[in-house]
Amino acid sequence: MKARVIAYYLPQFHPIPENDKAWGPGFTEWTNVVKARPLFRGHYQPRIPADLGFYDLRLPETREQQARMAHEAGIEGFCYYHYWMGGGLQLLQRPFEEVLKSGKPDFPFCLAWANHEWTTKTWQNGGATKMIAPMKYLGDEDYTAHFNYVLPAFRDHRYITIDGKPIFSIYDPYNFADVAHFIELWQRLAIENGLPGVHITAMISNTTTIKRQPDGSIKRVLPNLVSSSEVYNDILSLGFDSITSYGKSRAEMLSLGKYRRIAKKYIHKHISFIPALRYDYPKVIPHFFAPEDTWENVFPTIMPQWDRTPRAGSGEGIYVNATPEYFRKHVKDALQVVEDKQPEHRLIFLKSWNEWGEGNYVEPDQRYGHGYLEVLKELLYAER
């Protein structure tokens, strides 16, 4: 295998009480997906699933079929989004808990802590922003309870490791003021429980407009499009073992121009009636990776498609001309980024397996079928 590809996996394809209360009974990711409509000629909406249909992740047959498809495409495993909100509150945990307890599917996995608050704005655009579930950092007792919850997963033979340590991703290291202490505590707990440690990776953009201050506060900065070394080193200094880099912002700035892109996003966010902001996938995606993504402890991310209009309306930008053929070039670029790393560190994260509401997924749909999966299979199993 030319690289270790790990696909982010969204578990919001089953009803939960918090969503029922916010949106009405039966709300899932599909609710927004099927409401989407084209905003311009040629806009690919709505996106309709093919082989798997409008599935419910409470069904083990669906989870087995997903794992089989991913394995055949050369994907090493799923990285399940994990919503520990603090104080004993979790969201969307049922699918992963059933995978863990049942032992099926026998397919590798890891966890990404989606440590962000849940508001109505998270899942749907427009109207008043109401809190569904706040994100709380409650200190050592809660951090320890969190560790003890994931410990059985860390010990499972399917759990994905790096250098023998279970990998655990943190979605937002910037707004977690106590993250350095959290990491130190978890490393100690891991050793005490017979693990060699935990490989904790930070999910961050390789070009960003925010910077953490020594006291944990955030300030705005101008994005650096030449180098990501300062961004990466700032985060690594907190105790992270690695960076999982995401190049969407960088790519858009380099393709449109830094200030033009910032201005366009601001205008589209505040003026709803102007035409949708569009990005041309084959022109943007070559700028996705920063020079420092070749570092041994940096794992790049690939993105097959992007269209959050089912959730966020037109203001965030719609990627047009995103096809399996152009995705092939993107994957080839990513393979070049990691090719000189040690095999164990030749990781690429795929965003995502099934983010249908963001229009970034590789599951079969009615337009491209298995096209994205076939690209992965072709390139990952190709001879060096």
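Worth saying up front: this structure is predicted, and the values here are computed from it rather than measured. (Residues numbered from 1 in each chain as written. Predicted model: local features only at pLDDT ≥ 70, side-chain atom pairs only at ≥ 80, totals over all residues. Heavy atoms only, no water.)

With an omega of 0°, the peptide bond running from K104 to P105 counts as cis. With an omega of 10°, the peptide bond between K351 and S352 qualifies as cis. Structurally, the position occupied by S352 is in the loop between β17 (347-350) and β18 (354-355). Of note in this structure, L92 is not a glycine but carries a positive phi near 60°. (Helix = DSSP H or I, 4+ residues; strand = E, 2+ residues; numbered from the N terminus.)

This next bit is on helix α6 (residues 140-155). Compared with an ideal rise of 1.5 Å per residue, which puts 16 residues at 22 Å, α6 spans 22 Å between its outermost C-alpha atoms and is within 8% of the ideal. Where α6 bends most, at Y149, the angle is about 35°, and the proline P152 comes one to four residues later. Looking only at α6, the buried set comprises D142, Y143, H146, F147, V150, L151, A153 and F154. Where the residues of α6 are buried, they touch β2 (75-86), α4 (94-102), β4 (109-113), β8 (165-170) and α7 (179-192). (Expected span 1.5 Å × (residues − 1). Bend = angle between axes of the 7 residues up to and from the residue. Buried < 20%, exposed > 50% of the residue type's maximum accessible area, 1.4 Å probe, protein only. Contact = heavy atoms within 4.5 Å.)

Moving on: the side chain of D293. Checked against the element boundaries, D293 lands in the loop between α11 (281-284) and β14 (298-299). Despite being buried, D293 has no salt bridge partner; R250 is the closest side chain of opposite charge, sitting 6.9 Å away. In terms of polar contacts, D293 uses its side chain to reach the side chain of S245, at 3.1 Å. Not counting residues up to four positions away in its chain, the partners in contact with D293 are N206, Y232, S245, F288, V298, P300, V337 and K341. (Lys, Arg positive; Asp, Glu negative; His and termini not counted. Salt bridge = Lys/Arg side-chain N within 4 Å of Asp/Glu carboxyl O. Polar contact = N/O pair within 3.5 Å; in protein donor to acceptor, adjacent residues only side chain to side chain.)

Moving on, we come to the packing of α6 against α7. When two helices pack together, their arrangement is given by the angle between their axes and by how far apart the axes lie. Interaxial distance between α6 and α7 falls to 10 Å at its minimum, and their mutual angle equals 50°. With respect to α7, the element α6 is oriented oblique. Read as a crossing pair, α6 and α7 show a hand that is right-handed. Listed contacts from α7 to D140, Y143, T144, H146, F147, V150 and F154 of α6 are H181, F182, L185, W186, L189 and A190. (Axes fitted to C-alpha atoms, helices over the stretch in contact; angles between N-to-C directions. Parallel < 35°, antiparallel > 145°, perpendicular 65-115°, else oblique. Left-handed = near helix turned anticlockwise from the far one by under 90°.)

Now for the pattern of salt bridges. With the rule as written, the count across this model stands at 19 salt bridges. In this structure, K329 and D333 form a salt bridge, with 2.9 Å as the shortest nitrogen-oxygen distance. Pair noted here: K329 and D333 are both in helix α13 (residues 324-338), with a separation of four residues, about one helical turn. For D333, a relative accessible area of 16% gives the class buried. Between E358 and K351 there is a salt bridge, and its shortest N-O distance comes to 3.7 Å. Grouping residues by exposure puts E358 and K351 together as buried. Connected through shared salt-bridge partners, E29, R308, R311, K351, E355 and E358 make up one network.

The relative placement of two aromatic rings is captured by the distance of their centres and the angle of their planes. Applying the stated criterion across every chain, the model contains 42 aromatic pairs. Centre to centre, the rings of Y143 and F182 are 5.3 Å apart; their planes meet at 85°, and the pair counts as edge-to-face. Of this pair, Y143 sits in helix α6 while F182 sits in helix α7; the two residues are 39 residues apart in sequence, bridging distant segments of the chain. Relative accessible area serves as the criterion here: at 3%, Y143 is assigned to the buried category. Looking at R367, its charged tip hangs above the ring of Y44, at a distance of 4.1 Å from the centre. (Phe/Tyr/Trp six-rings, centres within 6.5 Å; stacked < 30°, edge-to-face > 60°. Lys NZ or Arg CZ within 6 Å of the ring centre and 35° of its normal.)

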